[in-house]
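Here are the chains, one letter per residue:
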Amino acid sequence: MLHTYDLKKLEDAVYDFNRATGISITLYDTDGRRITFRGSGVCRYCSLVASTEKGKRVCAKSNSALIKRCRETGQVARHICGAGLLDIAIPLLHRNETVGILMIGQIRKNPDPCDDAYAFSIDKESIDECYRSLPLYNEEMIESVINIATMLTKYIMFENMVRSKSKQSAAVIADYIDEHLCERMTVESVSRGIHMSPSGIYKSIREGFGCTLGEYIRSTRIKRSLELLADDSLSIEKVAESVGFTDPAYYSRSFKAVYGISPMKYRKRL
């Protein structure tokens, strides 16, 4: 199943939730890739944990496991992360199929840090101070937050911010683009590669993704670049080149048009 996202509306929706509740919220696709960025700010405590290599690994593993469980069950999943905070994953459902994961988290449920929090090679005083600076939520408050976030997922689907399309030809085109992303692509080259007429490609992309071929290629390249930006050893120019952008300045403008920040600022947030 193919999924397309109305990024502007999604960013606004999750930001409103974050602004009203103070709770971090992020939308992921079913492969665990982040879709939204507004409202997903990292608290001081999580920033402190993520400043260590072990903390980064623990956080990434924790998020992946929770997203996987939510995707496979199609139900709300929750757990205490490796740093001792509560994270909650809520599925976006379309005809009983999970088409996205809404993650809310960085919630302090216990008065004191867990024992694992002291295993990140950070001094105890800093851990205690940052942890206890977070608001303390009881179970009743947590259930209310889950209910509000669940209502948000229904609003997102009702407003068609996430759309599902089962277009076989569009899937073929998408697979070809994924495999040749770093190459220069035109409708003619895609047409030769998949043996489909240019007019058929234009129609399939429009029906499957609601955009033009060029817009889809650009969007796919930008999404792929998110993974590469996590590697500090790669320059922004190298990231752009690796996903098929010949002009780094054009890549930066395109990235900012989608996510509202430059690739460099996104890297710093990571």
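Residues numbered from 1 in each chain as written. Predicted model: local features only at pLDDT ≥ 70, side-chain atom pairs only at ≥ 80, totals over all residues. Heavy atoms only, no water.

### Quick notes on the sheet that holds strand β2 (residues 24-28)
- With respect to topology, four strands assemble into an open sheet ordered β2-β5-β4-β3, the strand pairing being antiparallel. Across the chains shown, the open sheet's two edge strands, defined by having one partner strand only, are β2 and β3 (77-80). Pairs of neighbouring strands in the sheet enclose a mean axial angle of 20 degrees, with direction left out of account.
- Across the sheet, helix α5 (residues 139-158) is in contact with β2, β3, β4 (86-94) and β5 (97-107); its angle to β4 comes to roughly 30 degrees. (Pairing = 2+ DSSP bridges. Helix = DSSP H or I, 4+ residues; strand = E, 2+ residues; numbered from the N terminus. Axes fitted to C-alpha atoms, helices over the stretch in contact; angles between N-to-C directions. Contact = heavy atoms within 4.5 Å.)

### Regarding the nonpolar core
- Among the nonpolar cores identified, the biggest contains 28 residues, and L10, F17, I88, L92, L102, I104 and V162 are the most heavily contacted of them.
- Secondary structure elements with two or more residues in this core: α1 (7-21), β2, β4, β5 and α5.
- Take this core: its biggest share by element is seven residues, from α5.
- Excluding its chain neighbours within four sequence positions, the residues that come into contact with I88 are L66, V76, A77, R78, L102, M103, I104, I107, I142 and I146.
- One finds A170, V187, I205 and I217 within the second-largest nonpolar core, a separate group that totals 18 residues. (Core = buried A, V, L, I, M, F, W, Y, C linked by side-chain atoms within 4.5 Å. Buried < 20%, exposed > 50% of the residue type's maximum accessible area, 1.4 Å probe, protein only.)

### Things to note about the pairing of β2
- Counted residue by residue, β2 has five buried out of five residues, so it is predominantly covered.
- Neither face of β2 is left uncovered, since the one carrying S24, T26 and Y28 and the one carrying I25 and L27 both have all their residues buried.
- Judged from the five bridges that link them, β2 and β5 form a sheet pairing that is antiparallel. By the bridge assignment for β5, I25 is matched with I104.

### Focus: the layout of surface pockets
- If you add up the space inside the largest pocket, you get close to 1,400 Å³.
- For the largest pocket, the lining is made up of 44 residues, of which Y28, R34, A60, N63 and L270 are closest to its centre.
- Mapped onto the lining of the largest pocket, the elements with two or more residues apiece are β2, α2 (44-50), α3 (53-73), β5, α9 (213-229) and α12 (263-269).
- The element best represented in the lining of the largest pocket is α3, accounting for ten residues.
- Class assignment for the residues of the lining of the largest pocket results in 20 nonpolar, twelve polar and twelve charged. (1 Å grid on protein atoms, 1.4 Å probe; cavity = no way out; pocket = protein on both sides within 12 Å on 5 of 7 lines; lining within 4 Å. Points joined across faces, edges and corners; volume = space filled by probe spheres on them. Nonpolar A, V, L, I, M, F, W, Y, C, P; charged D, E, K, R; others polar.)

### A word on the packing of α9 against helix α11 (residues 248-259)
- One can describe the packing of α9 onto α11 by two numbers: an axis separation of 10 Å at closest approach and a directional angle of 95 degrees. Between α9 and α11, the angle is such that the two are roughly perpendicular. On the side of α9, the interface is formed by R218, I222, K223, S225, L226 and L229, while α11 contributes Y250, Y251, S254, F255, V258 and Y259.
- Here the residues of the contact of α9 with α11 are counted per class, giving eight nonpolar, two polar and two charged. (Parallel < 35°, antiparallel > 145°, perpendicular 65-115°, else oblique.)

### Brief notes about a positive patch on the surface
- Taken together, the side chains of K256, K265, K268 and R269 present a region of like positive charge at the surface.
- When residues of the positive patch are assigned to their parent elements, the largest contribution, three residues, is made by α12.
- Within the element layout of this structure, K268 appears in helix α12.
- With a relative accessible area of 67%, K268 lands in the exposed category. (Patch = residues over 30% accessible without salt bridge, like charges linked within 9 Å, V, L, I, M, F, W, Y side chains within 5 Å. Areas by Shrake-Rupley, 256 points an atom, 1.4 Å probe, with all protein chains shown as cover. Salt bridge = Lys/Arg side-chain N within 4 Å of Asp/Glu carboxyl O. Lys, Arg positive; Asp, Glu negative; His and termini not counted. Charge placed at Lys NZ, Arg CZ, Asp CG, Glu CD.)

### Concerning the side chain of D29
- Within the secondary structure layout, D29 lies in the loop between β2 and α2.
- The exposure class of D29 is buried, given its relative accessible area of 4%.
- Within the local environment of D29, its side chain forms a polar contact with the backbone nitrogen of R33, the two atoms lying 2.8 Å apart. (Polar contact = N/O pair within 3.5 Å; in protein donor to acceptor, adjacent residues only side chain to side chain.)

### Concerning α5
- Between its first and last C-alpha atoms α5 spans 29 Å; for 20 residues at 1.5 Å apiece the expected length is 28 Å, and the two agree.
- Taken residue by residue, α5 has I142, V145, I146, A149, L152, T153, I156 and M157 as its buried positions. Looking straight down α5, one finds that the buried residues subtend no more than 130 degrees of arc, so they occupy a single side. Facing away from the buried side of α5 by over 90 degrees, the exposed positions are E140, M151, K154 and F158.
- If you check the start of α5, you find a side-chain oxygen 3.2 Å away from the backbone N of E140, and it comes from N138.
- Within two residues after α5, N160 carries a phi angle of roughly 60 degrees, on the positive side. (Expected span 1.5 Å × (residues − 1). Arc of directions from axis to C-beta.)

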